[in-house]
Amino acid sequence: MQTGHELFVHGLTDMLDGERQLVEALQKLSDDSSNEQLKKAFASHRKETERQIERLTQCFELLGETPEDTECKGLKGLIAEKKAFMEEEPESDILDVFQVGAAIKAETYEICEYKSLIEMAGEMGHTKVARLLRENLAEERAALKKMEGFSKKLKPNEMMTAEQEERSQAASGKSTSKRAA
Ligand SMILES: [Fe+2]
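Caption draft 1: Broad picture of the overall build of the protein. In terms of helices and strands, the protein carries seven helices and zero strands. Over its C-alpha trace the protein gives a radius of gyration of 21 Å, far above what one expects of a compact globule, namely 16 Å for 181 residues. Here the C-alpha coordinates of the protein stretch approximately 80 × 30 × 25 Å along the principal axes. Going through the 181 residues of the protein one by one, you find that 27% of them count as buried. Long-range pairs, those at least 24 residues apart, make up 75% of the contacts in the protein between residues at least 6 apart in sequence.

Caption draft 2: Structural view of helix H6 (residues 162-171). H6 sits mainly on the outside: zero of its 10 residues count as buried. Of the residues trailing H6, Gly173 is marked for its positive phi of about 75°.

Caption draft 3: Spotlight on the nonpolar core. Counting residues in each nonpolar core, the largest one holds 31 residues, and the members touching the most others are Leu12, Met15, Cys59, Leu117 and Leu133. Elements with a minimum of two residues in this core: helix H1 (4-32), helix H2 (36-63), helix H3 (73-86), helix H4 (92-123) and helix H5 (127-153). Not counting chain neighbours up to four residues away, the residues in contact with Met15 comprise Leu56, Cys72, Glu113 and Leu117.

Caption draft 4: Here's a closer look at the packing of H2 against H5. For the pair H2 and H5, the least separation of the axes is 9 Å and the interaxial angle reads 165°. Here H2 is positioned roughly antiparallel relative to H5, judged by the angle of their axes. Seen along the crossing, H2 lies across H5 with a hand that is left-handed. In this structure, H2 uses Leu38, Ala41, His45, Glu48, Gln52, Arg55, Gln58, Cys59, Leu62 and Leu63 to contact H5, whose residues at the interface are Lys128, Val129, Leu132, Leu133, Glu135, Asn136, Glu139, Ala143, Lys146 and Phe150. Of the residues that constitute the contact of H2 with H5, the class distribution is 10 nonpolar, four polar and six charged.

Caption draft 5: Main features of H5. Taking 1.5 Å of rise per residue, the 27 residues of H5 would be expected to cover 39 Å, and the 39 Å separating its terminal C-alpha atoms lies within 8% of that figure. By the burial criterion, the buried members of H5 are Val129, Leu132, Leu133, Asn136, Glu140, Ala143, Met147 and Phe150. The secondary structure elements touched by the buried residues of H5 are H2 and H4.

Caption draft 6: Just the environment of Gly149, in detail. Along the chain, Gly149 turns up in helix H5. For the pair Gly149 and Val100, spaced 49 residues apart in sequence, the C-alpha to C-alpha distance is 9.5 Å.

Caption draft 7: Looking closely at the environment of Leu133. Along the chain, Leu133 falls in helix H5. Leu133 sits in the buried class, given 26 other C-beta atoms within 10 Å. Here the alpha-carbon distance between Leu133 and Leu117, two residues 16 residues apart in the chain, equals 7.6 Å. Beyond its immediate sequence surroundings of up to four residues, Leu133 is in contact with Cys59, Tyr114, Leu117, Ile118 and Ala121.

Caption draft 8: Focus on the packing of H1 against H2. Across the interface, H1 lies against H2 with an axial gap of 9 Å and an inter-helix angle of 160°. What the angle tells us is that H1 and H2 run roughly antiparallel. Here H1 and H2 pass one another in a crossing that is left-handed.

The rules behind these values
For every chain, the first residue of the written sequence is number 1, and numbering continues from 1 along that sequence. With pLDDT at 70 or above as the cut-off, local features in this predicted model cover only qualifying residues; side-chain atom pairs require 80 or more to be listed or tallied, and sums for whole chains, interfaces and linings still use all residues. Each helix corresponds to a stretch of at least 4 residues labelled H or I by DSSP, and each strand to a stretch of at least 2 residues labelled E; elements are numbered beginning at the N terminus. Radius of gyration means the value over C-alpha atoms here, while the globule rule gives 2.2 Å times the residue count to the 0.38 power. Backbone-placed C-beta atoms define the burial measure: a residue is buried with 20 or more other C-beta atoms within 10 Å of its own, exposed with 12 or fewer, and partly exposed in between. Residue pairs qualify as contacts under a 7 Å threshold applied to their C-beta atoms, which are placed from the backbone. Note on definitions: a nonpolar core is a set of buried residues drawn from Ala, Val, Leu, Ile, Met, Phe, Trp, Tyr and Cys, linked by C-beta atoms within 7 Å. All axes are obtained by fitting lines to C-alpha atoms, using only the stretch in contact for helices, and the reported angles, taken between N-to-C directions, cover 0 to 180 degrees. These descriptions rest on fixed angle ranges, namely under 35 degrees for roughly parallel, over 145 for roughly antiparallel, 65 to 115 for roughly perpendicular, and the rest for oblique. Should the near helix be turned anticlockwise from the far one by less than a right angle, the crossing is left-handed, and should it be turned clockwise, the crossing is right-handed. Note that Gly is not counted as nonpolar here; it falls among the polar residues with everything else outside the nonpolar set of Ala, Val, Leu, Ile, Met, Phe, Trp, Tyr, Cys and Pro and the charged set of Asp, Glu, Lys and Arg. One less than the number of residues in a helix, times 1.5 Å, gives the span that helix is expected to have.

Here's what the structure looks like:
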């Protein structure tokens, strides 16, 4: 690889594969969510992701390039983390919290990728391509905001075991049992 153009096409290819992996992953996230709103949010971002793939395909057409056969290792890693976590047999409330965190990581990754691709497209004068990428970026930003909202709202049913809670209360001097004694 020698040129910025090649680097740009490589980045686009990476995102195309990443988005394809995410279509499948978002379906899993939706299926595995117990919170109804979260389920819907993942399902609607899945639909959005399908449109993002179409836009990326348009980008290749505009550039007269064909996507190489490559794999987005970054998003693959995040998806692998979720699979590994499932082996911990999380309770449904814990799984929801985990999934929101995983989605925040994936959206942040995508936002970084799109931002740098948009910058490169601008530098090379690919105005139409940049416009399409900005549409994807806007959707990722909205998805991130939505997930951050869930992150504030969804908490584990139990933060600590009863024993840990007692210990932490004692440490902060809030133990009622102590005062009673
Ligand atoms: Fe995406």
